[in-house]
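Notes for the structure review
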Amino acid sequence: MRDLHHISFWRRSWLFLVVLATLLFLILPIFVVIPVSFSDSQYLTFPPPGYSLRWYSAFIESREWQASLRASLTAATLTMLVATPIGVMAAYAINSAAPRWARLAYGVVLLPLIVPHILIAIAVFYVYIKLRVVNSMPSIVFAHALLAIPIVTITVLAGLKSFDMKQEMVARSLGASRLGAFFFVTLPQIAPSVVCAAVFAFATSLDEVIVSLFVAGGENTVLTRRMFVALRDAITPTVAAISTIIIVASLIIAGLILLLNRRTSR
Amino acid sequence: MSTAGSLIPPRTQQHQAAEPAAPNAVALARQGRRDRLLVLSLLLPAGALLLALLIIPVGWLFYLSLIEGGEYSLVHYERIWTMRSYQNILWTTVKISVIVTVICAVVGYPTAYLLAQLPGPLAAVGLAMVMIPFWISILVRTYAWLILLGARGPIVPFLQQVGLTDNPFLLLYNETGTIIGMVHVMLPFFILPLYANLRSFDWNLMHAAASMGAPPTSAFFRVFLPMSLAGIWAGVVLVFVQSIGFYVTPALLGGGRVTMVSMKIASNIQEYFDWGAASALGVVLLLIASSILILAARLIGGGQLWGTTR
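Fair warning: this is a prediction, and the values are worked out from it, not measured in the lab.

Summing up its helical and strand segments, chain B has 16 helices and two strands in all. A globule of 310 residues ought to have a C-alpha radius of gyration of about 19 Å, yet chain B, at 26 Å, is considerably larger. Viewed in the frame of its principal axes, chain B has a C-alpha envelope of about 95 × 75 × 35 Å. The buried share among the 310 residues of chain B stands at 42%. Put simply, of all contacts in chain B between residues at least 6 apart along the chain, 72% involve residues at least 24 apart.

Right under this line is the structure:
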């Protein structure tokens, strides 16, 4: 605000208006879904003509949607359990290795973020067809873990950067094994970033659409895949009910991460 | 910090420099090597997964893209160059991506510019409004646009009443709807890196410019804007590279009338089981995306780019 005395507030008011409009554009659509989920009409009328809970009961009573919810939560939990240790190991190695190797390894680990997801999807689909494991839970989990590992690695690496590795060396010089030093000295101090990374891994799996469209069907049709098909073929406010649940869950997860970050930075 | 994981090797080197005949130098060096190998072996699980599910399969698809009827052929790539339908898809993809990128830059710049100057709490509220959509599933956001832009949403009936249009699908199931939905997804990717860049701007430079007699507008264009170019480019690259690979938004808001490259790749597999054609298109997409990223990393520095992706 220091430079405001050069231009009067009123001459800058257009800037405030543009920014306000932009922020509203970003935030409002999300809250449109919530009233529609309580609509009593089967059409996507906004604002809704009347209110009811019928779309929530439709969601709860639908065996298909319930199976998808279960499949999604299972996949997300297992992805978190697989991707977090693998990503932590990779981050530790990248943090400790000589810069030349570290840079190379980091570049390779980040590949899933760079390669377009549609290409990853058909590549993984191709392998799974050859192995005859399409639609099986373990194969869904490994596909999601592939996408989650770079995010886990980035997050944990940020935690390790602010940790003084000399502490681990002190522990080792006092007789701790390498593994012991990591678990009793390093891990407790980077714990917030590891928890954060685990939540990211969970959310990555829960959010994933494109790869799931190819490899997560049949009995293990995940929520995002069923939602995508519903939105493409026959839109009902059932999706709004699910979306509202997802919005609330996402905001809780985001709040959790914010809380964790604040505690770390203290 | 780099050799932090293995304390022993540097000490060994010092030892060797001082007294080359130290009796335990060989053993220490060997242990140092073992130590470094141990650390590198922690990359094995991640490397194995990447190799099995990404590197080898993409290589395999690349090979498939060069095969037709059992022998080597460039027919899949030729088709992309010569067939009208493929050219239309490429053109649509590039056109939509450019429009989305330009809108993101034009709308995102003032937002990042103002947020970077606002006092702490206000900036935090603004940033939260930018970040929250980031956190919400793309399907939920696309659904919201299906409601808002649809024939029974709040916008189109209003336009019809005022008499500006008589088309109930003015904003949905076409390129307009796709672009609106994509801008909503991509805008945070433009604002956040730019905000990070602007936040570190030294506002004293503006005072200096003013004290030298520069009017505010020319101080902005000749001092502020040039210094924020790196942030703008980071945002432009992030938005464009992701836009050309978009699938969900055009597939749902385009309503079958908008075909982007990713959708053609998917339909080549799901409808025609034509792995060669899908792979060739995938390779082209990968080449375009990676060459832009590599070029950008060279020009504006990798940290600027990578540090800001989620």
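Notably, A:Asn135 is not glycine yet its phi reads approximately 75°, a positive angle. Tracing the chain through its elements places A:Asn135 in the loop between helix 6 (117–131) and helix 7 (137–161). Taking the C-beta count within 10 Å as the criterion, A:Asn135 has 15 such neighbours and is therefore assigned partly exposed. Phi is positive for B:Phe273, close to 50°, though the residue is something other than glycine. Among the residues examined, B:Phe273 registers 9 C-beta atoms within 10 Å and is labelled exposed.

Moving on, we get to the domain arrangement of chain B. Interfaces are often described in size by the accessible area the parts lose on coming together. Residue and element names in this part refer to chain B. Entries for chain B in the domain assignment read domain 1 (8–71) and domain 2 (75–306). On a C-alpha basis, the centroid separation for the pair domain 1 and domain 2 is 38 Å. With six residues of domain 1 at the contact, the number on the domain 2 side is eight residues. Elements represented by at least two residues in the side of domain 1 that touches domain 2 include exactly helix 3 (44–65) and strand 1 (67–68). Classifying every residue of the side of domain 1 that touches domain 2 gives four nonpolar, one polar and one charged.

Right, let's get into the interface of chain B and chain A. Contact with chain B, which involves 72 residues of that partner, is made by 73 residues of chain A. Counted by class, the side of chain B that touches chain A contains 54 nonpolar, 16 polar and two charged residues.

With that settled, consider the environment of B:Arg79. All names here are of chain B. Among the structural elements, arginine 79 can be located in helix 4 (residues 75–82). Sequence separation between arginine 79 and alanine 277 is 198 residues; the distance between their C-alpha atoms is 8.4 Å. Setting aside its immediate chain neighbours within four residues, arginine 79 contacts Tyr86 and Ala277.

Attention now moves to the environment of B:Leu149. Structurally, the position occupied by B:Leu149 is in helix 7 (residues 138–149). On the basis of neighbour counts, which here come to 23 C-beta atoms within 10 Å, the residue B:Leu149 falls in the buried class.

Time to look at the packing of helix 3 (residues 63–96) of chain A against helix 4 (residues 99–109) of chain A. Residue and element names in this part refer to chain A. Packing of helix 3 against helix 4 brings their axes to within 8 Å, and their N-to-C directions diverge by 150°. As judged from the angle between their axes, helix 3 and helix 4 are roughly antiparallel. When you trace helix 3 past helix 4, the crossing you get is left-handed. Within the contact between the two elements, helix 3 uses Ala90, Ala93 and Ile94 and helix 4 uses Ala102, Ala105, Tyr106 and Val109. Looking at the contact of helix 3 with helix 4 residue by residue, the classes come out as seven nonpolar, no polar and no charged.

The rules behind each value
- Residues numbered from 1 in each chain as written.
- Chains lettered and ligands numbered in written order.
- Predicted model: local features only at pLDDT ≥ 70, side-chain atom pairs only at ≥ 80, totals over all residues.
- Helix = DSSP H or I, 4+ residues; strand = E, 2+ residues; numbered from the N terminus.
- Rg over C-alpha atoms; globule rule 2.2 N^0.38 Å.
- Buried ≥ 20, exposed ≤ 12 C-beta atoms within 10 Å, placed from the backbone.
- Contact = placed C-beta atoms within 7 Å.
- Domains from an automatic or database assignment.
- Nonpolar A, V, L, I, M, F, W, Y, C, P; charged D, E, K, R; others polar.
- Axes fitted to C-alpha atoms, helices over the stretch in contact; angles between N-to-C directions.
- Parallel < 35°, antiparallel > 145°, perpendicular 65-115°, else oblique.
- Left-handed = near helix turned anticlockwise from the far one by under 90°.

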